[in-house]
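# Overview (structure and organization)
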Amino acid sequence: MAIQHAVLALLARGPSYGYELKSAFETAVGPQWGPLNIGHLYQILDRLSRDGLVVAERHPQPVKPDRVVYEITGDGRVELDRWLTAPSPRSGGFRDDFFLKVTAAVRSGQPDVVRTVLANQRAHLMRELRNLDGLRRGADDPVVRLLLSAAGRHVEADLAFVDDAEAALLADGGATLAGLAADATTAEPPAAGGGPARAAG
């Protein structure tokens, strides 16, 4: 899980506690990631403690409850180094909700359905790209600007896929689409029982 390694990276700079780690994480990755849930962070810290990658120490406070301070261990630094030097495959592979939506629209055999699906996705992606560009222009941290730029590149790639789908499915007036829909119909599995239904009697 990438977040647990990001927490190890924060702790590699020195001991810290929950809310300080939450703030440091959100500052480091920028607004496109969204806020880090403090409950989830403590679950990560508990897991890191159980795995021997961090140690926790209670620090008494005069008024507030004890503060639990976490520190990275030698094993934690080894795991952090392993993660940093390993390549990063796509976390979700190439499974994508929009791709499934395009597949469903193609099976309808209706150009207007495909056109609507593609147009709605393009409008959504354009809004997302404008939002990321605004966040990037307002970011002071060069690393955050870089992460926002990377997010924008991903959106641009998604927009290119929308263009590719439009060209492949609609450029010939719907002939390709009609052929794909017909192929899907003939590929339907036979009805249960292995053959045509027979009239009772």
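Residues numbered from 1 in each chain as written. Predicted model: local features only at pLDDT ≥ 70, side-chain atom pairs only at ≥ 80, totals over all residues. Heavy atoms only, no water.

Here threonine 27 is to be found in helix α2 (residues 18-29). Look at threonine 27 and you get exposed, because its relative accessible area is 53%. For the pair formed by threonine 27 and valine 144, sequence separation is 117 residues and the distance between their alpha carbons is 8.3 Å. Engagement of the side chain of threonine 27 in a polar contact is seen with the backbone oxygen of serine 23, the distance being 2.9 Å. (Helix = DSSP H or I, 4+ residues; strand = E, 2+ residues; numbered from the N terminus. Buried < 20%, exposed > 50% of the residue type's maximum accessible area, 1.4 Å probe, protein only. Polar contact = N/O pair within 3.5 Å; in protein donor to acceptor, adjacent residues only side chain to side chain.)

Of the residues in the protein chain, 88% reach a pLDDT of 70 or more, and the chain-wide mean stands at 85. The low-confidence segment residues 195-201 (pLDDT under 50) makes zero contacts with residues lying over four places distant or belonging to another chain. (pLDDT = per-residue confidence, 0-100. Contact = heavy atoms within 4.5 Å.)

So, on to the pattern of salt bridges. Applying the stated criterion to the full structure yields eight salt bridges. Linking aspartate 163 and arginine 122 is a salt bridge whose minimum nitrogen-to-oxygen distance equals 2.9 Å. You can see aspartate 163 sitting in helix α7 (residues 142-170) and its partner arginine 122 sitting in helix α6 (residues 111-138), a full 41 residues away along the chain. The partner of aspartate 133 in a salt bridge is arginine 137, with the nearest N and O atoms 2.9 Å apart. Taken together, the residues span about one helical turn, with aspartate 133 and arginine 137 both in helix α6 at a distance of four residues. Classification of aspartate 133 as partly exposed rests on a relative accessible area of 27%. Exposure remark for arginine 137: the relative accessible area of 65% places this residue in the exposed category. One network of salt bridges, with partners in common, ties together Arg122, Asp163 and Glu166. (Salt bridge = Lys/Arg side-chain N within 4 Å of Asp/Glu carboxyl O.)

Turning next to the packing of helix α5 (residues 97-108) against α7. Axes are the key here: two packed helices are described by the angle between their axes and the distance separating the axes. Relative orientation of the contacting elements α5 and α7 amounts to 15°, with a least axis distance of 12 Å. Looking at the two axes, α5 sits roughly parallel to α7. Here α5 runs over α7; the crossing is right-handed. From α5, Phe98, Phe99, Val102 and Val106 reach across to α7, where they touch Phe161, Val162 and Leu169. (Axes fitted to C-alpha atoms, helices over the stretch in contact; angles between N-to-C directions. Parallel < 35°, antiparallel > 145°, perpendicular 65-115°, else oblique. Left-handed = near helix turned anticlockwise from the far one by under 90°.)

Glancing now at the layout of surface pockets. As a volume, the second largest pocket reaches approximately 150 Å³. Taken together, Leu10, Arg13, Gly14, Pro15, Ser16, Glu20, Leu21, Ala24 and Ala28 form the lining of the second largest pocket. Here the element with the most residues in the lining of the second largest pocket is α2; it accounts for four residues. In terms of residue class, the lining of the second largest pocket is made up of five nonpolar, two polar and two charged. (1 Å grid on protein atoms, 1.4 Å probe; cavity = no way out; pocket = protein on both sides within 12 Å on 5 of 7 lines; lining within 4 Å. Points joined across faces, edges and corners; volume = space filled by probe spheres on them. Nonpolar A, V, L, I, M, F, W, Y, C, P; charged D, E, K, R; others polar.)

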